[in-house]
Amino acid sequence: AAGVIQSPRHLIKEKRETATLKCYPIPRHDTVYWYQQGPGQDPQFLISFYEKMQSDKGSIPDRFSAQQFSDYHSELNMSSLELGDSALYFCASSGMDRGRTNYGYTFGSGTRLTVV
Amino acid sequence: LAKTTQPISMDSYEGQEVNITCSHNNIATNDYITWYQQFPSQGPRFIIQGYKTKVTNEVASLFIPADRKSSTLSLPRVSLSDTAVYYCLVGESQGGKLIFGQGTELSVKP
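Treat the numbers as computed from the prediction; the structure is a model and nothing was measured. (Residues numbered from 1 in each chain as written. Chains lettered and ligands numbered in written order. Predicted model: local features only at pLDDT ≥ 70, side-chain atom pairs only at ≥ 80, totals over all residues. Heavy atoms only, no water.)

## What to know about the pairing of strand β3 (residues 32-38) of chain B
All names here are of chain B.
Step number 1: Of all seven residues that make up β3, six are buried, and the element is covered over most of its length.
Step number 2: Judged from the seven bridges that link them, β3 and strand β8 (residues 84-91) form a sheet pairing that is antiparallel. In the sheet register, Gln38 faces β8, and the bridge partner there is Val85.
Step number 3: Looking at chain direction, β3 and strand β4 (residues 45-50) are connected through five bridges and run antiparallel. Bridged to Trp35 within β4 is Ile48.
Step number 4: Where β3 folds back onto β4 in an antiparallel hairpin, the turn is made up of six residues, including Ser41, whose phi is positive at roughly 60°. (Buried < 20%, exposed > 50% of the residue type's maximum accessible area, 1.4 Å probe, protein only. Helix = DSSP H or I, 4+ residues; strand = E, 2+ residues; numbered from the N terminus. Pairing = 2+ DSSP bridges.)

If you want it as structure tokens, here you go:
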């Protein structure tokens, strides 16, 4: 079965640079979520989109922005990178399929961002 | 969203049954209980979800008492590959943001 695809898998950036992370949800899923997981920490919700509109916002820094496109893929843009932004960034998607447990909420394998 | 409390870590041996209990005293009427498994450097993976009583699937069982203030994830006959962090989450079933608390780090030994 198709899964949530994230790219790139690994990314190394220098301080103050910008980074763009991409997420391709499972086909027919209309909601995308972004999470950040620092070393040894639990995943923290950043932001979500439903039908290309922002649906919820968590602890996302102002330096970060995100959007969902017409094909439902999403991009997380990160500017003025700081050392503390080094983390795993997960994308998840879900769909309004009431026949599926948990609406098919599925996580991608993540992008490991290292800021040096 | 209801706060959850789980043990920080648990140890087990291959072939044993493992039960991880989660407390969620402030669970709301519309809330479901969902468990995720996470391996290092991988995204969390859905294990099981329930609302009340008992739910069983091919990998686990979930026991929820009548007051729903706690739940127990039961993993039958664990293997080394079950070594992971297990998260208990409480919220509405139709998705939305997931609030991860401190999960339980399960270590399965040979």
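## Concerning the interface of chain A and chain B
How big an interface is tends to be stated in terms of the accessible area lost upon association of its parts.
Step number 1: On the side of chain B, 20 residues touch chain A, which itself brings 19 residues to the contact.
Step number 2: Carbon and sulfur atoms supply 54% of the area buried between chain A and chain B, which totals about 1600 Å² over both sides.
Step number 3: Looking only at chain A, the three residues that lose the most surface to chain B are Asp42, Asn102 and Phe107 of chain A, adding up to 31% of its buried area.
Step number 4: If you look at where chain A meets chain B, you find one salt bridge.
Step number 5: Note that Asp56 of chain A is salt-bridged to Lys97 of chain B, the shortest N-O span being 3.8 Å.
Step number 6: At the junction of chain A and chain B, the tally comes to four residue pairs in polar contact (both at pLDDT 80 or more).
Step number 7: Elements supplying a minimum of two residues to the side of chain A that touches chain B: β4 (31-37), β5 (44-50) and β9 (87-94) of chain A.
Step number 8: The greatest single-element share of the side of chain A that touches chain B, amounting to three residues, is contributed by β4 of chain A.
Step number 9: In terms of residue class, the side of chain A that touches chain B is built from nine nonpolar, seven polar and three charged. (Contact = heavy atoms within 4.5 Å. Buried area = accessible area lost by both parts, 1.4 Å probe. Salt bridge = Lys/Arg side-chain N within 4 Å of Asp/Glu carboxyl O. Polar contact = N/O pair within 3.5 Å; in protein donor to acceptor, adjacent residues only side chain to side chain. Nonpolar A, V, L, I, M, F, W, Y, C, P; charged D, E, K, R; others polar.)

## Structural notes on the packing of aromatic side chains
Step number 1: Going through the model one piece at a time under the given rule, you end up with twelve aromatic pairs over all chains.
Step number 2: Seen from their ring centres, Tyr35 of chain A and Phe45 of chain A are 5.6 Å apart, and the 65° between their planes marks the pair as edge-to-face. Of this pair, Tyr35 of chain A sits in strand β4 while Phe45 of chain A sits in strand β5, and the two are ten residues apart along the sequence. For the pair Tyr35 of chain A and Phe45 of chain A, one class covers both residues: buried.
Step number 3: Summarising the aromatic geometry, the rings of Phe107 of chain A and Tyr36 of chain B are spaced 5.8 Å apart at their centres and angled 85° between planes, so their arrangement reads as edge-to-face. Of this pair, Phe107 of chain A sits in strand β10 (residues 106-107) while Tyr36 of chain B sits in strand β3, which puts the two residues in different chains. The pair formed by Phe107 of chain A and Tyr36 of chain B is uniform in burial state, with each residue classed as buried.
Step number 4: Taken together, the aromatic side chains of Tyr33, Tyr35, Phe45, Tyr105 and Phe107 of chain A together with Tyr36, Phe46, Tyr87 and Phe100 of chain B make up a single cluster linked through ring pairs.
Step number 5: Its guanidinium or amino end placed over the ring of Tyr51 of chain B, Arg68 of chain B lies 3.9 Å from that ring's centre, counting from NZ or CZ. (Phe/Tyr/Trp six-rings, centres within 6.5 Å; stacked < 30°, edge-to-face > 60°. Lys NZ or Arg CZ within 6 Å of the ring centre and 35° of its normal.)

## Focus: the nonpolar core
Burial of nonpolar side chains together is a common tendency in soluble globular proteins.
Step number 1: Ranked by internal contacts, the top residues of the largest apolar core, which has 22 residues, are Leu21, Trp34, Leu76, Met78, Tyr89 and Leu113 of chain A.
Step number 2: Contributions of two or more residues to this core are made by β3 (19-24), β4, β5, β7 (64-68), β8 (74-78), β9 and β11 (111-115) of chain A.
Step number 3: Discounting chain neighbours no more than four positions away, the residues touching Leu21 of chain A are Ser7, Leu11, Trp34, Ser74, Glu75, Leu76, Met78, Tyr89 and Thr111 of chain A.
Step number 4: By size, the runner-up hydrophobic cluster in this structure holds 20 residues, among which are Val18, Ile27, Ile47 and Leu106 of chain B. (Core = buried A, V, L, I, M, F, W, Y, C linked by side-chain atoms within 4.5 Å.)

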